[in-house]
Amino acid sequence: MEIFQTGIDVSRYQGNIDWQQVAAGKQFAIVRAVSSNSGGVYVDPYFEKNVAEAHAAGMRVGVYYYTYARTEAAVINELDTLLPMLEGLRLEYPVFVDVEASSLQSLGRTELTGLVRFAMDILDQKGWFPGFYTYTNFAQNYLNMAELAAYPLWIADYRGYVGYQGGYDMWQYSSTGRVNGISGNVDLNYSYKDFLPLIKAAGKNGYSQGPATLPLENTELVVYQSGAIYYYAPDPAALSGTLPVGRYPAFEVTDGEWNGAVWAKIDYLAGQYWTPLQAGVTGLAPTGGEDCEEVRAQLERAQEQLDLTRQSLDWLLGELES
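Thresholds, definitions, all that
Residues numbered from 1 in each chain as written. Predicted model: local features only at pLDDT ≥ 70, side-chain atom pairs only at ≥ 80, totals over all residues. Heavy atoms only, no water. Core = buried A, V, L, I, M, F, W, Y, C linked by side-chain atoms within 4.5 Å. Buried < 20%, exposed > 50% of the residue type's maximum accessible area, 1.4 Å probe, protein only. Helix = DSSP H or I, 4+ residues; strand = E, 2+ residues; numbered from the N terminus. Contact = heavy atoms within 4.5 Å. Polar contact = N/O pair within 3.5 Å; in protein donor to acceptor, adjacent residues only side chain to side chain.

Generally speaking, a soluble globular protein has its nonpolar side chains buried in company with each other. Counting 59 residues, the largest nonpolar core has Ile8, Trp19, Leu82, Leu123, Phe132 and Leu143 as its most contacted members. A per-element tally of this core places helix α4 (residues 109-125) first, with seven residues. Each residue touching Leu143, except ones within four places of it in the same chain, is listed here: Val99, Arg109, Leu112, Thr113, Val116, Phe132, Thr134, Phe138 and Leu148. Of all hydrophobic cores here, the second largest spans 17 residues; its members include Tyr230, Ala264, Ile266 and Leu277.

Among the secondary structure elements, Thr219 is positioned in strand β10 (residues 213-223). Here the side chain of Thr219 touches Glu217 through a polar contact of 2.8 Å, landing on its backbone oxygen.

This next bit is on unusual backbone geometry. Residues other than glycine predominantly adopt negative phi, and peptide bonds predominantly adopt the trans conformation. Even without being a glycine, Asn205 presents a positive backbone phi close to 55°. Tracing the chain through its elements places Asn205 in the loop between α6 (195-202) and β10. Exposure remark for Asn205: the relative accessible area of 0% places this residue in the buried category. Phi is positive for Asn218, which is not a glycine, with a value near 50°.

This paragraph deals with the environment of Gln172. Note on placement: Gln172 falls in strand β8 (residues 170-177). Residue classification places Gln172 among the buried residues on the basis of a relative accessible area of 1%. Along the backbone, Gln172 and Leu269 are 97 residues apart, and their C-alpha atoms lie at a distance of 30 Å. With near-sequence residues (within four places) excluded, Gln172 lies in contact with Asp9, Tyr133, Trp154, Ile155, Ala156, Asp157, Tyr158, Asp187, Leu188 and Asn189.

Now the structure itself:
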């Protein structure tokens, strides 16, 4: 698989970190937020500092918490500590449930899998993009991985390859890495997925869900010229690919401009994507026919709004120059 980014995961055991040095060689960090000891559930004392300084260094950041929960009540207890710590954050990687404790093995596959899914479902409902972490042997012997396949998997295997035969999105390939800015060992990771467009499109991890939209019926996006770009979200940073010349089912359009354009949401390659409407490049038309009056009116309203914005900018530039 093609590596998207290289990164590390950290906790209090790494102590004080020089994140500017780390960022010179790594692109992301997964930071531990919560764990448990004999005194109960606790917040990692370096959590807030690590998240803030990793972001300040320009790195993408995700979070994990180490679970010991053997009941749904225990899951809720851990999340009651975790969720307040996430408030106000904006994260570019998932919030991972770290499920590897040997004390969980006696629960059996069905019960433990249910608890992991229960935790991730709560995270999702609370506005976070959830995933889970485990290692190869644990995945093969203590979890029903097929039941968790809809969630991002971060797998650990230190043998130079991943022995787990299913799909995964991240690989923790070493626990004894050395990185500038950190004294001692640190876990090293590969990420094979750009999670940020998915997070933005879902409105998770502190990102707003997106613009107000108008529904479309019996409408297609028409691509008149090759090179039209489609995106995971109505955001220029969420680039996905280019559309061939043709017609694509369209079922939603932004109510005015969003991020500098009017966007249409389309079905393409068994997925849903956004593309900006550009005169002469893309446009909306009734399914199997020519441009209809309703769609033309929507485009005219969008063009009027764009013209007004340009007029305002021209006036402002004139004032600044004078």
